[in-house]
Amino acid sequence: MTTEAVGSSDHYWYGEATQRERSVAVLEAMRTYRAAETAMRRRTQASMNMGETDLLALRYLIRANSSGRSVGPKELAAYLGISSASTTALLDRLEKSGHVERQPSPFDRRALIILPTVATDEEVRSTLGQMHSRMMEVAARLSPEESRVVVSFLDGMRDAVDEIDAHIQP
């Protein structure tokens, strides 16, 4: 009978392969969640007959409006990462379809603010409301410690994928 020295990378009860399997299982669960979320976004876009940028803009405007904050075209362009010309085209499209209104800013007569229409707010809430409720129910089942772990993990994953930008930028 031969005995092999246990390397420093091995754990007392669990070998390195077990840690790798757990890591792969977590990453696979994230991939399947992202795929489900992407499919949900496509269904939502199709049901509302609009593209992804249009829907992102509406969700941003609805959140800002709900919190009593005004949004101008420049802020919306920065949030979406699009040019001012693209923002103008987006707002023209959303205004024509009855999803947003352009109004003079109460703070600066030269500026505009963009508001979602009441009908749009109701449409987005009815389309996404039940899904958000189900997601909140799942999150509410977490203990305070589990919540901290999940948030810490997701923050770390965000940092890991954001780091690629630091390597690409000149």
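For the structure, check the block above.
This write-up is about the structure you can find in this document. The shown structure was predicted, so the numbers you read here are calculated from the model rather than taken from an experiment.

Conventions adopted
- Residues numbered from 1 in each chain as written.
- Predicted model: local features only at pLDDT ≥ 70, side-chain atom pairs only at ≥ 80, totals over all residues.
- Heavy atoms only, no water.
- Phe/Tyr/Trp six-rings, centres within 6.5 Å; stacked < 30°, edge-to-face > 60°.
- Helix = DSSP H or I, 4+ residues; strand = E, 2+ residues; numbered from the N terminus.
- Buried < 20%, exposed > 50% of the residue type's maximum accessible area, 1.4 Å probe, protein only.
- Patch = residues over 30% accessible without salt bridge, like charges linked within 9 Å, V, L, I, M, F, W, Y side chains within 5 Å.
- Areas by Shrake-Rupley, 256 points an atom, 1.4 Å probe, with all protein chains shown as cover.
- Salt bridge = Lys/Arg side-chain N within 4 Å of Asp/Glu carboxyl O.
- Core = buried A, V, L, I, M, F, W, Y, C linked by side-chain atoms within 4.5 Å.
- Contact = heavy atoms within 4.5 Å.
- Bend = angle between axes of the 7 residues up to and from the residue.

## Some remarks on the packing of aromatic side chains
Scanning the model with the defined rule gives 1 aromatic pair in all. With a centroid separation of 4.0 Å and an interplanar angle of 15°, the aromatic rings of Y60 and Y79 are classed as stacked. With Y60 in helix α2 (residues 52-66) and Y79 in helix α3 (residues 73-80), the pair connects residues that are 19 residues apart, well separated along the chain. You can call Y79 partly exposed: its relative accessible area is 38%.

## Some words on a nonpolar patch on the surface
Where nonpolar side chains cluster on the molecular surface, the patch consists of V26, L142, V150, F153 and L154 and spans about 360 Å² of accessible area. With 3 residues, the top contributor of residues to the nonpolar patch is helix α6 (residues 144-168). Summarising the element assignment, F153 is placed in helix α6.

## Focus on the nonpolar core
The biggest cluster of nonpolar side chains holds 21 residues, and the ones touching the most others in it are L76 and L94. Within the residue set of this core, elements represented by two or more residues are α1 (16-48), α2, α3, α4 (84-96) and α5 (118-140). Broken down by element, the residue count for this core peaks at 7 residues, all from α2. Those residues in contact with L76, other than ones at most four positions away along the chain, are A57, Y60, L61, V71, L90 and L91.

## Quick look at α5
The sharpest bend along α5 measures roughly 45° and falls at L128. Every buried residue belonging to α5 is among T120, D121, V124, L128 and M131, and all of these are buried.

## Here's the deal with the pattern of salt bridges
Counted according to the given criterion, the structure contains 10 salt bridges. A salt bridge links R158 to D155; its shortest N-O distance comes to 3.3 Å. Of this pair, R158 and D155 both sit in helix α6, separated by 3 residues, roughly a single helical turn. Between D159 and R158 there is a salt bridge, and its shortest N-O distance comes to 3.1 Å. Salt bridges linked by common partners bring D92, E95 and R102 together as one network.

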